[in-house]
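# Fold and geometry: a report
So you can see what is in the structure, the chains are spelled out below.
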Amino acid sequence: MSTTTVESKHSAALDAAETGDAHLITVTLRVRRFNPEVSDQVVWVDYEMQMDPKERVLDALHKIKWELDGTLTFRRSCAHGICGSDAMRINGRNRLACKTLLKDINPEKPITVEPIKGLTVLKDLVVDMEPFFQAFRDVMPFLVTKGNEPTRERLQSAEDRARFDDTTKCILCAACTSSCPVFWNDGQYFGPAAIVNAHRFIFDSRDEAGEQRLEILNDRDGVWRCRTTFNCTDACPRGIEVTKAIQEVKRALLTRRF
Amino acid sequence: MQIHKYDTVIVGAGGAGMRAAIEATKRSRTAVLTKLYPTRSHTGAAQGGMAAALANVEEDNWEWHTFDTIKGGDYLVDQDAAEILAKEAIDAVLDLEKMGLPFNRTPEGRIDQRRFGGHTRNHGEAAVRRSCYAADRTGHMILQTLYQNCVKEGVEFFNEFYVLDLLLAEVDGVKRTAGVVAYELATGEIHVFQAKAVIFASGGNGKFYKVTSNAHTLTGDGQAAAWRRGLPLEDMEFFQFHPTGIWRMGILLTEGARGEGGILRNKDGERFMERYAPVMKDLASRDVVSRAIYTEIREGRGCGPEGDHVYLDLTHLPPEQLDAKLPDITEFARTYLGIEPYTDPVPIQPTAHYAMGGIPTNVQGEVLTDNTTVVPGLYAAGEVACVSVHGANRLGTNSLLDINVFGRRSGIAAAEYAATHDFVELPENPDSLVVELVERMRDANGGERVTDIRKALQETMDANAMVFRTEQTLKQAVSDIAALKVRYKSISVQDKGKRYNTDLLEAVELGNLLDLAEVLAVSALARKESRGGHYREDYPTRDDVNFMRHTMAYREVGEDGEESIRLDYKPVVQTRYQPMERKY
Amino acid sequence: MSAETHNPVDAADAADGGVTPFGPDNPAPFIEPPRARTKRTPRATRTNFEMYGWLFMRLSGIVLVVLVLGHLLIQLVLDGGVSKIGFAFVAGRWANPFWQLWDLAMLWLAMLHGANGLRTVINDYAERDVTRTWLKWLLYAATVFTVLLGTLVIFTFDPNIQ
Ligand SMILES: Cc1cc2nc3c(=O)[nH]c(=O)nc-3n(C[C@H](O)[C@H](O)[C@H](O)COP(=O)(O)OP(=O)(O)OC[C@H]3O[C@@H](n4cnc5c(N)ncnc54)[C@H](O)[C@@H]3O)c2cc1C
Ligand code: HEM
Ligand code: SF4
Ligand code: FES
């Protein structure tokens, strides 16, 4: 039987991706460690290992945990940037360890890895996420509607759906909130992630509690504390325009009054 | 040890667990125990969509969906269950929409639908648009929406609690559910949860394969806990290999990519699926496509310097379509491979994806202790369970459906059971097994490293129990696993602490994987036929005379304490569909 | 387990290499950040104060651009620059109600703007509740004092004072 065949295209990038195990390079991970069962002090520990530069920082952390020091502790699950477990400060910037390839962060120099800031450090890279989720829960992050449910789906135009598309992508990794200097010094600030999740509903045409959410974010610890440093937008591994979302909430609050 | 008392305890906060929790919380005092924060569950990784015959974009009905499910499962599907799945699918999707799920929309504002492998109109005539989706983030949206509604309903979560044991107590000669035992990651404390009803929704167990789309945490803890307590596991030999995982990494590229028009090509640029499935081509069912890919590779038509993969070609699709419908997977290709899917084909290979088998249940989600007897108060839903709606091979988009339909059903059933029954008295020293396990692990100072054993397990599973299997490879797998189990007895755990001791838990998880891999290999060895996801090169055809039946594996402990696996079989429920040859 | 059963492996791993008083049963305190949100964190206050504050910073800023630049222009550039400034110059200007109002607006806006700005800075940087309260009261007192004194001077200024 004849089948459709096309001329195969081959770019340099594809060739590079297809070459098997590249040469290994020596990588040093400098990890900020804290174990309350051992000491009340933080220590920086260097781990040197041979890695393929195409591997992830998470792979390097696993190599440490599995081969060098089993006590190194961090959270992770999906390993491809979808579950939000492994936000950490890598070379001074918040990222997901599973979405950061070694070759992209200058592996010639020691790579620093720290827990995200502004949350209680419980052990090594593990922080207490409760305050973060508390802020999320405090913005009514669920659809609220009035009246009778329709028998079929609620209708929503593709444009209305697109209005809040960006903020539906959030995986609650806390990279944004813990990159915010305001949050570092005052954990009562709702923080970018909670605002992003409020935005997702405020701008959903089906929702009817936008007013209440705006009122919550109009608070002392709400959107007005944002100083537009854009750290959150830079940190978001999902590419959400976080600062823009916050500004849109501010604008909604202003236009509500004026 | 702390003791808690709840009417209903749910183990797992993925799609199935949270769907159940929303129902159970309304009806009974409910606790959800989960080893991950709910939004970290692997349901969030699902991309393609959720099937339901909404007929929003073209003619469709649930009967066709039932047929496709049964045919897709190579007739090993229990047909009464498949009918429920397809019928309740419509409300399941509409319920999610009402909870707020942001589906993609048609120009009229309805939920949009797209094509997916194995879903056809009128019993196989042509591909039908049945998958409801939200870009390539359907699972993410389901997980977020369910969590949002759990917040709304005030569901009580115990996050980072690892359930390690199931408590059953014999009352009047009947095994009944008494509760579960959990290990709190933050403190190392052991908690006993006494419950009238328990629902297992702890997800899959794909981590015993090396190339897999599954998360590091999918280690089959629920299946293993039930197994250790003498409950059977059904159809464990049936494991799905998804055709399009990123080469070597296993990260999934949704079938929706082919639903949108993506094409598989070999090194000659040939659209080889036309040879294997003339009608459905690239959208044939997953087992068919995975085998086709490996056949191409074996026959020397694989791509790359080592000829060990093929291409998923999206380059003929307009970039706007990729951006709108497949934004995440195109980004995966950019991030992890450094290539641009607008212009380059993506190197892929089949990746271990989904466990069709699991804890046997009936259509109410009640767990079975043999072919017919239920364990009062015990339920299972989601990937951990085997209803069986997926039979020998699950159709894409049917699992997100499964977790919603059977999650809901078991949530309601469990809460109603709890309302009409009393607590069963806890056995004496309810935590003894877990205490013993944790202490043993903490004190483990042997010469073997967990990582070495895990790696060896994954390697033997990939080599011997993957897409193609033979008597010889499976025997190899069985003996390798047996040897690894011996080595596992002398592992060492370096972290001796109590707080966040993930080192210890990884060792426990490895134990679960070893148990389950053994069940898989032993069940596969005994099934001397090829059906769905289970392909035996030495028995390449389906054998309905001898094997139109579910495998039921039981753990037996001999008088000398020696463990062994006993296999039994359970008839398939057939209602209106007679087995036919499966062609796409 | 009792507190005495230190684990030799852990102890050897300790930061300073020696035996520490900490172990699985008596862990060191966690490293906590300031002011974490909890279930008891106060809910919405239902006032628009922060919004008006935010808006005021921007609006007063715009007005201040005109006022301050105009002020600087007159004081430092026109009419021979700084050298002309003296008692007579100030007296001359404040004889005109226009300049009185100009300086009054500048005083009030700059002070309120600056005070609100510093309030923000305190909220951002002071970690402990007590510190916050004290610093803010200090700030408010200084602001009120300066604004009142300034206003008094502008309106009660006597060009004939000896
Ligand atoms: C990459 C990928 C893409 C997929 N795409 C699709 C798709 O497009 N369409 C489709 O229909 N299906 C798809 N699937 C399949 C589907 O997503 C899963 O089968 C389904 O989400 C499983 O849901 P679950 O609720 O059973 O388990 P999970 O979502 O895996 O949740 C398991 C839960 O159990 C908890 N848990 C586990 N062990 C323990 C323990 N010991 N103690 C306490 N809690 C525990 C975890 O914390 C977690 O909350 C995909 C799967 C993968 C991997
Ligand atoms: C030239 C005209 C001025 C303009 C356009 C201006 C504008 C602004 C704006 C927009 C902010 C808010 C920044 C934010 O919210 O992130 C601000 C903050 C502030 N302003 Fe002004 N301002 C001016 C003059 C002044 C003067 C004269 C003072 C001193 C009295 C002053 C003191 C402050 C302080 C202390 C802050 C807070 C600092 C901070 O937010 O980091 N400003 N200004
Ligand atoms: S907005 Fe982005 S950075 Fe912030 S929590 Fe969500 S995904 Fe993470
Ligand atoms: S491990 Fe899931 S986001 Fe990194």
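The model shown is predicted, which means the values in this text are computed figures rather than measured ones.

The next subject is the site of ligand 3. In the vicinity of ligand 3, 13 residues are found, and the nearest of them are C170, C173, A174, C176 and C236 of chain A. Of the residues assigned to the shell around ligand 3, the class counts are twelve nonpolar, no polar and one charged.

Our focus in this paragraph is the interface of chain A and chain B. Contacts between the two partners involve 80 residues from chain A, matched on the other side by 83 residues from chain B. Roughly 6,800 Å² is buried in total at the junction of chain A and chain B, and carbon and sulfur atoms are behind 49% of that figure. One can count nine salt bridges joining chain A with chain B. For R75 of chain A, the salt bridge is made with E160 of chain B, and the minimal N-O distance between the two is 2.7 Å.

On to the coordination of the iron atom of ligand 2, then. Of all protein atoms, H113 of chain C (NE2) alone acts as a donor to the iron atom of ligand 2, lying 1.9 Å away. Here H113 of chain C shows up in helix α4 (residues 97-125).

Centre-to-centre distance and the angle between the planes together describe a pair of aromatic rings. In the structure shown here, the tally under the stated rule is 27 aromatic pairs over all chains. A ring pair is formed by F468 of chain B and Y535 of chain B, whose centres lie 5.5 Å apart and whose planes are at 80°; its orientation type is edge-to-face. With F468 of chain B in the loop between α13 (450-464) and α14 (471-488) and Y535 of chain B in the loop between α15 (502-526) and α16 (544-547), the pair connects residues that are 67 residues apart, well separated along the chain. A network of ring pairs unites the aromatic residues F132, F133 and F136 of chain A together with Y37, Y147 and F157 of chain B as a single cluster. Geometry around W184 of chain A places K117 of chain A over its ring, the cationic atom sitting 3.8 Å from the centre. Positioned over the ring face of Y569 of chain B is R549 of chain B, at 3.7 Å from the centre of the ring.

A word on the side chain of D138 of chain A. When you line up the elements, D138 of chain A lands in the loop between α3 (130-137) and α4 (158-163). By relative accessible area, which is 8% here, D138 of chain A ends up buried. One polar contact links D138 of chain A to R37 of chain C, side chain to side chain, over a distance of 2.7 Å. In this structure, D138 of chain A is in contact with F190 and I216 of chain A together with R37 and R43 of chain C, ignoring residues within four places of it in sequence.

Before going further, it helps to spend a moment on the pattern of salt bridges. Inspection of the entire model under this criterion finds 92 salt bridges over all chains. Its salt-bridge partner being R200 of chain A, residue D204 of chain A comes within 3.1 Å of it at the nearest N-O pair. The buried category is assigned to D204 of chain A, whose relative accessible area is 2%. Two residues, R119 of chain C and E50 of chain C, come together in a salt bridge whose shortest N-O distance is 3.2 Å. One end of the pair, R119 of chain C, is in helix α4; the other, E50 of chain C, is in helix α2 (residues 49-77), and 69 residues separate them in sequence. Here E50 of chain C falls in the buried class, since its relative accessible area comes to 14%. A cluster of three or more residues bridged by salt bridges with shared partners is formed by D74, E237, D287, R291, R527, E529, R531, R542, D544 and R582 of chain B.

Residues and elements named next belong to chain B. In spatial order, the strands read β11-β14-β13-β12; together these four strands make up an open sheet with antiparallel pairing. Each end of this open sheet is capped by a strand with a single partner; those strands are β11 (239-246) and β12 (263-265). The average undirected angle you get between the axes of adjacent strands in this sheet is 45°. Across three bridges, β12 lies against strand β13 (residues 310-313) in antiparallel orientation. Bridging across to β13, I263 finds its partner in D313.

Let's shift gears to the site of ligand 2. The environment of ligand 2 is made up of R227 of chain A together with M57, R58, G61, L64, V65, A110, H113, G114, G117 and L118 of chain C. Two or more chains meet at ligand 2, and those chains are chains A and C. The side chain of R58 of chain C places a nitrogen or oxygen atom 2.6 Å from an oxygen atom of ligand 2. For ligand 2, a nitrogen atom lies 2.7 Å from a polar atom in the side chain of H113 of chain C. Among the secondary structure elements, those contributing two or more residues to the shell around ligand 2 are α2 and α4 of chain C. By residue class, the composition of the shell around ligand 2 is five nonpolar, four polar and two charged.

What follows is about the UniProt feature "domain: FAD-dependent oxidoreductase 2 FAD-binding" (unreviewed entry) in chain B. Under the UniProt annotation, the feature "domain: FAD-dependent oxidoreductase 2 FAD-binding" (unreviewed entry) is placed at residues 7-400 of chain B. Secondary structure content for residues 7-400 of chain B is 28% helix and 27% strand, while the C-alpha to C-alpha distance between its ends is 27 Å.

Take the sheet that holds strand β1 (residues 25-33) of chain A next. Residue and element names in this part refer to chain A. What the five strands build is an open sheet, ordered β2-β1-β5-β3-β4; its pairing is mixed. On the outer flanks of this sheet lie β2 (43-51) and β4 (93-96), each paired with one strand and no other. Sheet twist, expressed as the average angle between the axes of neighbouring strands with direction ignored, equals 35°. Relative to strand β5 (residues 111-114), strand β3 (residues 87-90) is paired through two bridges, and the arrangement is antiparallel.

Moving on, we come to the side chain of R40 of chain B. Along the polypeptide, R40 of chain B turns up in the loop between β2 (30-34) and β3 (50-51). Although R40 of chain B lies buried, it forms no salt bridge, and the closest oppositely charged side chain, E160 of chain B, sits 7.1 Å away as judged by the N-O distance. Polar contacts involving the side chain of R40 of chain B include one to the main-chain carbonyl oxygen of I171 of chain A, which spans 3.2 Å. Polar contacts involving the side chain of R40 of chain B include one to the main-chain carbonyl oxygen of L172 of chain A, which spans 3.0 Å. Discounting chain neighbours no more than four positions away, the residues touching R40 of chain B are S77, C83, G84, S85, M129, F133, I171, L172 and C173 of chain A together with L143 of chain B.

What follows is about the pairing of strand β19 (residues 549-557) of chain B. Residues and elements named next belong to chain B. Strand direction decides the pairing type here: strand β10 (residues 233-234) and β19, joined by two bridges, are antiparallel. Its bridge partner being in β19, L233 is matched across the sheet by A553. Two strands pair when backbone bridges link them, and β19 and strand β20 (residues 563-571) are joined in this way by nine bridges, in the antiparallel orientation. Among the inter-strand pairings, M552 is bridged to a residue of β20, identified as D568. What sits between the antiparallel neighbours β19 and β20 is a turn of five residues, in which G561 has the positive phi angle 80°.

The rules behind each value
- Residues numbered from 1 in each chain as written.
- Chains lettered and ligands numbered in written order.
- Predicted model: local features only at pLDDT ≥ 70, side-chain atom pairs only at ≥ 80, totals over all residues.
- Heavy atoms only, no water.
- Near = heavy atom within 4 Å.
- Nonpolar A, V, L, I, M, F, W, Y, C, P; charged D, E, K, R; others polar.
- Contact = heavy atoms within 4.5 Å.
- Buried area = accessible area lost by both parts, 1.4 Å probe.
- Salt bridge = Lys/Arg side-chain N within 4 Å of Asp/Glu carboxyl O.
- Donors = N, O, S within 2.8 Å, 3.2 Å for Na, K, Ca; no water.
- Helix = DSSP H or I, 4+ residues; strand = E, 2+ residues; numbered from the N terminus.
- Phe/Tyr/Trp six-rings, centres within 6.5 Å; stacked < 30°, edge-to-face > 60°.
- Lys NZ or Arg CZ within 6 Å of the ring centre and 35° of its normal.
- Buried < 20%, exposed > 50% of the residue type's maximum accessible area, 1.4 Å probe, protein only.
- Polar contact = N/O pair within 3.5 Å; in protein donor to acceptor, adjacent residues only side chain to side chain.
- Pairing = 2+ DSSP bridges.
- Axes fitted to C-alpha atoms, helices over the stretch in contact; angles between N-to-C directions.
- UniProt positions renumbered as here; feature names shortened; annotations may be inferred.
- Lys, Arg positive; Asp, Glu negative; His and termini not counted.

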